[in-house]
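# Observations on chain architecture
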Amino acid sequence: MIPISKPSITEKEINYVEDAVTSGWVSSLGPFVEEFETMFAQYCGCKHAITVANGTVGLHLALMSYDIGAGDEVIVPDLTFVATANAVRYTGATPILVDIESETLCIDVNKIESAITKDTKAIMPVHLYGHPANMEAIRFIADKYGLVIIEDAAEALGATIGGKNVGSFGNIGVFSFYGNKIITTGEGGMLVLNDDLLNDRARLLRDHAMSKTKRYWHESVGYNYRMTNIQAALGVAQLERIEEILLKRRQIFEWYSLRLAKNPNITLNRTKKGYINCYWLICIELLNEFSGVRDELIEYLKKADIDSRPYFYPLSSLPMYKSHNCSVSDQVSSRGLNLPTFFDITEEEVDIVANTILTFLSKS
Ligand SMILES: *Cc1c(COP(=O)(O)O)cnc(C)c1O
């Protein structure tokens with residue numbers, strides 16, 4: 001079976017995790033947590049980085065740090081992993097769904113302003129499948145209406161715009177280190193930000209809102225959203241390897257591109273000029289007479305021992321977020337799928353995947 005994703009674990013990861021476990025620092029105190037935060041902040045070009053238990057609680061923590069809650073509205077793209085909208089719901093606020101651009105699969109910046117009301121507090125762009133959202137336009141709108149930007153950069157570590165890392169454009173950027181993400185800590189996540197007060201507030205809420213000067217004194221309800229030192233050890237090892245990991249993902253895209261890009265019935269990830277895609281997942285969309293056979297292709301690949309997955313369903317189609325449908329996300333979501341994209345995949349394996357797809361298209 002060729003899986004859709006698989007973490008790359010080398011001797012370095014094993015050694016660091018062994019160090020963490022044998023040191024006795026197994027919970028959220030310990031040197032790897034601090035090292036991971038310092039390295040990560042530096043990598044993203046932000047003043048602060050805060051480790052968290054996973055990306056979802058990271059988004060929740062970011063929203064709570066801005067006191068977003070009941071009665072507030074937060075703008076979210078219609079096509080994303082469900083966690084983006086769920087985090088808004090956890091606070092009591094309402095996610096307002098905005099359609100996406102077909103080229104980048106990110107929020108359509110021309111449709112944001114008409115979704116803004118007096119209750120809007122924040123915009124949460126998502127860098128979907130590794131393509132950066134249009135942060136320049138989003139910053140312009142946010143400033144015009146006095147809104148906060150919380151970037152869901154869960155899928156986009158290493159993606160850049162004009163040489164600047166995603167996650168560092170918004171007021172807070174949130175990353176995920178789930179096992180299938182660009183780098184992994186098993187479960188885990190990170191907030192990046194520049195504001196000192198916000199950093200203090202997020203750290204407080206992450207740790208049960210316990211007073212820094214008076215132990216076991218709590219001024220408000222807090223959370224345990226901490227990452228362990230064992231997870232951080234894995235994270236440090238992975239982040240030390242980030243350049244080779246990103247380079248390999250570009251290579252994988254080129255391998256697929258060489259074999260599939262010329263086919264008029266397929267599009268591959270399209271990256272806008274000035275943007276660097278980190279290719280979290282290779283995306284293909286079936287066009288023309290093939291736009292309705294996506295699920296059959298997934299089945300066909302499965303029979304050939306190749307794992308793939310459909311694009312996310314639009315949030316507006318899910319029972320708990322049911323609303324007016326967004327035409328672009330509806331269209332794109334039903335014709336798109338993701339192909340195997342992971343560090344250890346070989347050119348021969350990409351060849352097998354591409355040939356299987358081309359055979360399917362020539363037969364149907
Ligand atoms: C993975 C992901 C998350 C959630 O991260 P977890 O670490 O799995 O909680 C949030 N948003 C997007 C877009 C993601 O892909």
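Keep in mind that this is a model prediction, so the values were computed, not measured.

Turning next to the sheet that holds strand β10 (residues 266-268). What the four strands build is an open sheet, ordered β10-β12-β14-β13; its pairing is antiparallel. Sheet topology places β10 and β13 (309-310) at the edges, where each strand pairs with a single neighbour. Taken strand by strand, helix α10 (residues 327-335) contacts β12 (282-286) and β14 (336-339), and its axis lies near 45° from that of β14.

This structure, assessed with the given rule, holds 21 salt bridges. The shortest N-O distance in the salt bridge between Arg 201 and Asp 67 comes to 3.6 Å. Here Asp 67 lies in the loop between α3 (55-65) and β2 (73-77) and Arg 201 lies in helix α6 (residues 196-206), a separation of 134 residues in the sequence. Here Arg 294 ties to Asp 295 by a salt bridge, and the two come within 2.7 Å at their closest N and O atoms. Accessibility expressed as a relative area gives 5% for Arg 294, which makes it buried. Connected via shared salt-bridge partners are Glu 13, Arg 241 and Glu 244.

In the vicinity of the ligand lie 15 residues, with Thr 56, Asp 152, Glu 155, Ser 176 and Lys 181 positioned nearest. Within the backbone of Gly 55, a nitrogen or oxygen atom sits 2.7 Å from an oxygen atom of the ligand. Between Glu 155 and the ligand, the recorded distance is 2.5 Å, taken from a side-chain N or O atom to an oxygen atom. Notes on the ligand: free accessible area 380 Å², of which the protein chains cover 93%. Looking at side-chain class alone, the shell around the ligand contains five nonpolar, seven polar and three charged residues.

With that settled, the discussion passes to the packing of helix α9 (residues 294-303) against helix α11 (residues 347-363). Contact pair α9 / α11: the axes reach a minimum separation of 10 Å and the direction vectors enclose 130°. In terms of axis orientation, α9 runs oblique to α11. In the crossing of α9 with α11, the sense of the turn from one axis to the other is right-handed. Residue-level contacts link Glu 296, Leu 297, Tyr 300 and Leu 301 of α9 to Val 353, Thr 356, Ile 357, Thr 359, Phe 360 and Lys 363 of α11. For the contact of α9 with α11, the class distribution of residues is six nonpolar, two polar and two charged.

What follows deals with the domain arrangement of the chain. Domain annotation of the chain identifies domain 1 (11-98 + 105-240) and domain 2 (242-363). Each of domain 1 and domain 2 has a C-alpha centre, and the two are 26 Å apart. Each partner contributes residues to the interface: domain 1 has 38 residues there, and domain 2 has 36 residues. The contact between domain 1 and domain 2 buries some 2,900 Å² in all, and 63% of this surface belongs to carbon and sulfur atoms. Contact with domain 2 buries surface across domain 1, with Asp 78, Tyr 129 and Ile 182 losing the most and accounting together for 25% of the total. The tally of links between domain 1 and domain 2 comes to zero salt bridges. Looking at the side of domain 1 that touches domain 2, the elements that each hand over two or more residues are β2, α4 (83-90), β3 (94-98), β6 (160-161) and α7 (229-240).

What counts and how
Residues numbered from 1 in each chain as written. Predicted model: local features only at pLDDT ≥ 70, side-chain atom pairs only at ≥ 80, totals over all residues. Heavy atoms only, no water. Pairing = 2+ DSSP bridges. Helix = DSSP H or I, 4+ residues; strand = E, 2+ residues; numbered from the N terminus. Contact = heavy atoms within 4.5 Å. Axes fitted to C-alpha atoms, helices over the stretch in contact; angles between N-to-C directions. Salt bridge = Lys/Arg side-chain N within 4 Å of Asp/Glu carboxyl O. Buried < 20%, exposed > 50% of the residue type's maximum accessible area, 1.4 Å probe, protein only. Near = heavy atom within 4 Å. Polar contact = N/O pair within 3.5 Å; in protein donor to acceptor, adjacent residues only side chain to side chain. Areas by Shrake-Rupley, 256 points an atom, 1.4 Å probe, with all protein chains shown as cover. Nonpolar A, V, L, I, M, F, W, Y, C, P; charged D, E, K, R; others polar. Parallel < 35°, antiparallel > 145°, perpendicular 65-115°, else oblique. Left-handed = near helix turned anticlockwise from the far one by under 90°. Domains from an automatic or database assignment. Buried area = accessible area lost by both parts, 1.4 Å probe.

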